[in-house]
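Each chain, written out:
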Amino acid sequence: MVELDFHPSGKHFLQIPGPSPVPERVLRAMSLPTIDHRGPEFGALGRKVLADIRKVFKTSHPVVIYPASGTGAWEAALSNTMSPGDQLLMYETGHFAALWTKMARRLGLQPEILATNAADDQLPQAGAWRRGVDAELIEQRLRKDTAHNIRAVCVVHNETSTGVTSDIAAVRRAIDMAGHPALLMVDTISGLGSADYRHDEWGVDVSVGGSQKGLMLPPGISFNAVSPRALEAMKTAALPRAFWAWDEIIAMNQNGYWPYTPNTNLLYALSETLDMLLTEGLDNVFARHMRWGAGVRAAVNAWGLPIQCADPRRYSPVLTGVIMPTGVDADALRHLIHQRFDLSLGMGLGKLKGRMFRIGHLGDSNDLTLLAALAGCEMGLKLAGVALAGSGVQAAMDYFAAHAAPKVERRAA
Ligand code: PLP
């Protein structure tokens, strides 16, 4: 049994791909006194976070903030734009894409699943979960839908279960090439704030975000960035919605307030983390995560273990999935590493359970914390009897030493 009052010395290494380690500056901001959510100070806070979060989504249109986990924001995206029985085209890149599809069914929608047909030696049961979206398949399917029955195309930007990203701009092009009016909905719950994302430029209609990944916040708030077309679709969408309804929230947000009690202390934290990200500059933030990803992949390659993402163009800057040799239980390995070294790693989800583990490289981290995490993995792999080709820690040290972090030009966004 896990003892809840167990506090080992030193810092726990939270290397799962979200919730990510929260900077102390953000934790301190959260400890400010809770204020009147109808008072003037709150209005100023609300207006600030609502303006700044748009910069992270790169949109000039509304972003709705919910006191909910990412799953709530998934539901909000669908219930605000769809009617019972509407058809969706949902691309299965991994476990989270599959869960969003399951939700669509529960809401009374008719999702059709597209998946890349990929033969795979290393993971025959999950070849499609090693690659990103193939936009051509989307274009082909939409061209066949001459009656325009498909109401939305739904894709996941950064599949947290696999460490594979998808090219969202290519999906937009595919929809346009097919001359199809479907909305484009994108889950960037684990991409936002770590991987390049452009809601307006990529023509996304609803972007779904979450707090506990690249935004370096605890779990508990989530987002819908909403295009004018999505707002138009809302007017005729007939799925029941109350708590999630955009119209009332957007109306109250004009003055920085919400129609219900918002998550005051998490909004303090959001304000703080937005200051951090926008002062560093989003391009610097993205470059920092890409460099961490390259260092971690250098380690996995040196171990001689396969990376879950089979397409180097789609490597995630947020996390790296590591496939275990047949016969090695990845969950037992994670358990051993947690017990011996106080390091948490992400588990294999859905059909990847027990076959792989995930190393998060996001949140309040740096080269040395990542090297420590890799040391924990390497020791654990050896203890579990996995034959390694070489030292991943050494390879990552060499990578980080040879590739200095770019000098950050601090700038206010
Ligand atoms: N989508 C993706 C890509 C995720 O990574 C997650 C959570 O990890 C979710 C959706 C679900 O979000 P939540 O667990 O915050 O409800």
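Enquirer: What am I meant to see in the layout of surface pockets here?
Expert: The gaps of empty space that remain are located by a probe, the size of a water molecule, rolled over the atoms. Roughly 340 Å³ of volume is contained in the second largest pocket. Considering the residues around the second largest pocket, the lining is formed by 14 residues, among which Lys-11, His-12, Pro-21, Val-22 and Asp-364 are closest to the centre. Of all elements in the fold, only β1 (13-15) and α1 (24-30) reach the threshold of two or more residues within the lining of the second largest pocket. It is β1 that provides the largest number of residues to the lining of the second largest pocket, a total of 3 residues.

Enquirer: Which parts of the structure should I look at to understand the packing of helix α10 (residues 282-303) against helix α13 (residues 392-402)?
Expert: The geometry of a pair of packed helices is captured by two quantities: the angle between their axes and the separation between those axes. α13 packs onto α10 with a crossing angle of 145 degrees between their chain directions and a minimal axis gap of 7 Å. Seen from above, α10 lies across α13 with right-handed handedness. Between α10 and α13, the contacting residues are Arg-291, Trp-292, Ala-294, Gly-295, Ala-298, Ala-299, Ala-302 and Trp-303 on the first element and Gly-392, Val-393, Ala-395, Ala-396, Tyr-399 and Phe-400 on the second. Along the lines of polarity and charge, the residues of the contact of α10 with α13 split into 11 nonpolar, 2 polar and 1 charged.

Enquirer: Could you clarify how one ought to interpret the nonpolar core in this entry?
Expert: Across soluble globular proteins, nonpolar side chains have a tendency to be buried as a group. Residues Ile-53, Ile-65, Tyr-66, Ile-138, Val-153, Met-185 and Leu-270 are the most contacted members of the largest nonpolar core, which totals 86 residues. Counting residues per element, this core draws most heavily on helix α9 (residues 264-280), which supplies 8 residues. Two domains each donate at least three residues to this core, and these are domain 1 (13-20 + 280-402) and domain 2 (24-266). Setting aside residues no more than four positions away along its own chain, Ile-65 makes contact with Val-49, Leu-50, Ile-53, Ile-221, Ser-222, Phe-223, Trp-258, Tyr-260, Leu-267 and Leu-270. Grouped together as the second largest cluster of nonpolar side chains are 28 residues, Met-324, Leu-333, Leu-371 and Ala-373 included.

Enquirer: Where do I start with the pairing of strand β4 (residues 110-114) in this structure?
Expert: In this sheet, β4 lies alongside strand β3 (residues 87-91) in parallel orientation, the contact comprising 5 bridges. Counted as the bridge partner of Tyr-91 is Leu-114 from β4. Remark: the β3/helix α4 (residues 95-106)/β4 crossover connection has right-handed handedness.

Enquirer: Could you clarify how one ought to interpret the sheet that holds β4 in this entry?
Expert: The pairing of strands in a sheet happens through backbone hydrogen bonds and is either parallel or antiparallel. Read across the open sheet, the 7 strands follow the order β2-β10-β9-β8-β5-β3-β4; overall the sheet is mixed. One side of each edge strand has no neighbouring strand; the edge strands of this open sheet are β2 (63-66) and β4. Here the average twist between neighbouring strands, direction ignored, is 20 degrees. Summarising the sheet, strand β8 (residues 183-187) and strand β9 (residues 206-210) pair through 3 bridges and their orientation is parallel. Paired with Val-186 across the two strands is Ser-207, which belongs to β9. Packing against the sheet, helix α2 (residues 40-57) makes contact with β2, β9 and β10 (222-226), and its axis sits at approximately 115 degrees to β2. Of the strands in this sheet, β5 (150-156) and β8 are in contact with helix α6 (residues 168-177), which crosses β8 at around 165 degrees.

Enquirer: I would appreciate a short explanation of the packing of aromatic side chains in the present structure.
Expert: The geometry of two aromatic rings is summed up by the distance between their centres and the angle between their planes. Counted by the stated rule, this structure contains 10 aromatic pairs. Look at Tyr-66 and Phe-243: their rings are 6.5 Å apart centre to centre, the planes differ by 40 degrees, and that puts the pair in the tilted class. Of this pair, Tyr-66 sits in strand β2 while Phe-243 sits in the loop between α7 (228-236) and α8 (246-253); the two residues are 177 residues apart in sequence, bridging distant segments of the chain. Accessibility expressed as a relative area gives 38% for Phe-243, which makes it partly exposed. With 6.1 Å between their ring centres and 75 degrees between their planes, Tyr-399 and Phe-400 make a pair best called edge-to-face. For Phe-400, a relative accessible area of 6% gives the class buried. The structure contains a cluster of three or more aromatic residues connected by ring pairs, namely Tyr-66, Phe-243, Trp-244 and Tyr-260.

Enquirer: Explain the site of the ligand here, please?
Expert: Around the ligand, the surrounding shell consists of Ser-69, Gly-70, Thr-71, Trp-74, Phe-96, Asn-158, Thr-160, Asp-187, Ile-189, Gln-212 and Lys-213. Take Asp-187: an N or O atom from its side chain is 2.6 Å from a nitrogen atom of the ligand. Contact with the protein chains covers 87% of the free accessible surface of the ligand, which is 390 Å². Looking at which element gives the most residues to the shell around the ligand, the answer is helix α3 (residues 70-79), with 3 residues. Looking at the shell around the ligand, its residues break down into 3 nonpolar, 6 polar and 2 charged.

Enquirer: Where do I start with the pairing of strand β12 (residues 343-347) in this structure?
Expert: Two faces, one strand: in a regular strand the side chains alternate between the faces of the sheet. Burial analysis of β12 places 4 of its 5 residues in the buried class, the great majority of the element. Taken together, the 3 bridges between β1 and β12 define a ladder with parallel strand orientation. Bridge assignment links Leu-14 to a residue of β12, and that residue is Ser-344. Both β12 and strand β13 (residues 356-360) contribute to a ladder of 2 bridges, which runs antiparallel. Opposite Gly-346, over in β13, you have Arg-358 as the bridge partner.

Enquirer: What is the right way to look at α2 in this model?
Expert: Counting along an α-helix, one turn takes 3.6 residues, and residues three or four places apart therefore face a common direction. In a regular helix each residue adds 1.5 Å, so 18 residues correspond to 26 Å; α2 covers 26 Å between its end C-alpha atoms and thus fits that length. The complete set of buried residues in α2 reads Phe-42, Gly-43, Leu-45, Gly-46, Val-49, Leu-50, Asp-52, Ile-53, Val-56 and Phe-57. Contact partners of the buried residues in α2: β2, β9, β10, α8, α9 and α10. Positioned one or two residues after α2, Lys-58 has a phi angle of 55 degrees, which is positive.

Enquirer: Explain the domain arrangement of the protein to me, please; I cannot follow it from the model alone.
Expert: By a widely used convention, the size of an interface equals the accessible area lost when the partners come together. As far as domains go, the protein holds domain 1 (13-20 + 280-402) and domain 2 (24-266). Computed from C-alpha coordinates alone, the two centres of domain 1 and domain 2 are separated by 27 Å. Contacts between domain 1 and domain 2 engage 33 residues on the former and 35 residues on the latter. Both sides together, the interface formed by domain 1 and domain 2 hides about 2,700 Å², and carbon and sulfur atoms give 60% of it. If you sort the residues of domain 1 by the area they bury against domain 2, Phe-286, Arg-314 and Lys-351 come out on top, with a joint share of 23%.

Definitions and limits used
- Sequence positions are assigned chain by chain, starting from 1 and proceeding in written order.
- The model is predicted, so local features are restricted to residues of pLDDT at least 70 and side-chain atom pairs to those at 80 or more, both for listing and for counting; the totals for chains, interfaces and linings are taken over all residues.
- Note that water and hydrogens are dropped before the side-chain values are worked out from all heavy atoms of the structure.
- Each cavity reported here is a set of points on a 1 Å grid over the protein atoms alone in which a 1.4 Å probe fits but cannot get out, each pocket an open set with protein on both sides within 12 Å along at least five of seven lines, and each lining residue one with an atom within 4 Å of a point.
- Grid points are joined across faces, edges and corners, and a volume is the space filled by probe spheres set on the points.
- Every helix listed is a DSSP run of H or I at least four residues long, and every strand listed is a run of E at least two residues long, numbered separately from the N terminus.
- Angles run from 0 to 180 degrees between N-to-C directions of axes, and those axes are lines fitted to C-alpha atoms, restricted for helices to the stretch in contact.
- Less than a right angle of anticlockwise turn of the near helix away from the far helix marks a crossing as left-handed, whereas a clockwise turn marks it as right-handed.
- Residue contacts are counted whenever heavy atoms from the two residues lie within 4.5 Å of one another.
- Note that Gly is not counted as nonpolar here; it falls among the polar residues with everything else outside the nonpolar set of Ala, Val, Leu, Ile, Met, Phe, Trp, Tyr, Cys and Pro and the charged set of Asp, Glu, Lys and Arg.
- Think of a nonpolar core as a cluster: buried Ala, Val, Leu, Ile, Met, Phe, Trp, Tyr and Cys residues, connected wherever their side-chain atoms sit within 4.5 Å.
- Exposure classes here rest on a 1.4 Å probe applied to the protein chains alone. A residue is buried below 20% of its type maximum, exposed above 50%, and partly exposed in between.
- Domain extents, as shown, originate in an automatic or database domain assignment.
- Note on pairing: DSSP must find at least two bridges between two strands before they are called paired.
- Consider the strands pointing away from the viewer: the crossover is right-handed when the path from the first strand over the helix to the second runs clockwise.
- Working definition: a ring pair exists when centres of Phe, Tyr or Trp rings (six-membered ring for Trp) sit within 6.5 Å. Plane angles under 30 degrees give stacked, over 60 give edge-to-face, the rest tilted.
- Proximity is defined per residue: if any heavy atom of the residue lies within 4 Å of a molecule or strand, that residue is considered near it.
- Pairing of N or O atoms within 3.5 Å defines a polar contact, subject to two protein rules: one partner must be a possible hydrogen donor and the other a possible acceptor, and residues neighboring in sequence count only if both atoms are side-chain atoms.
- With residues, only the protein chains shown are counted as cover, and all accessible areas are computed by Shrake-Rupley using a 1.4 Å probe.
- For a helix, the expected span equals 1.5 Å multiplied by the number of residues minus one.
- Accessible-area loss on putting two parts together, using a 1.4 Å probe and summing over both, is the definition of buried area adopted here.

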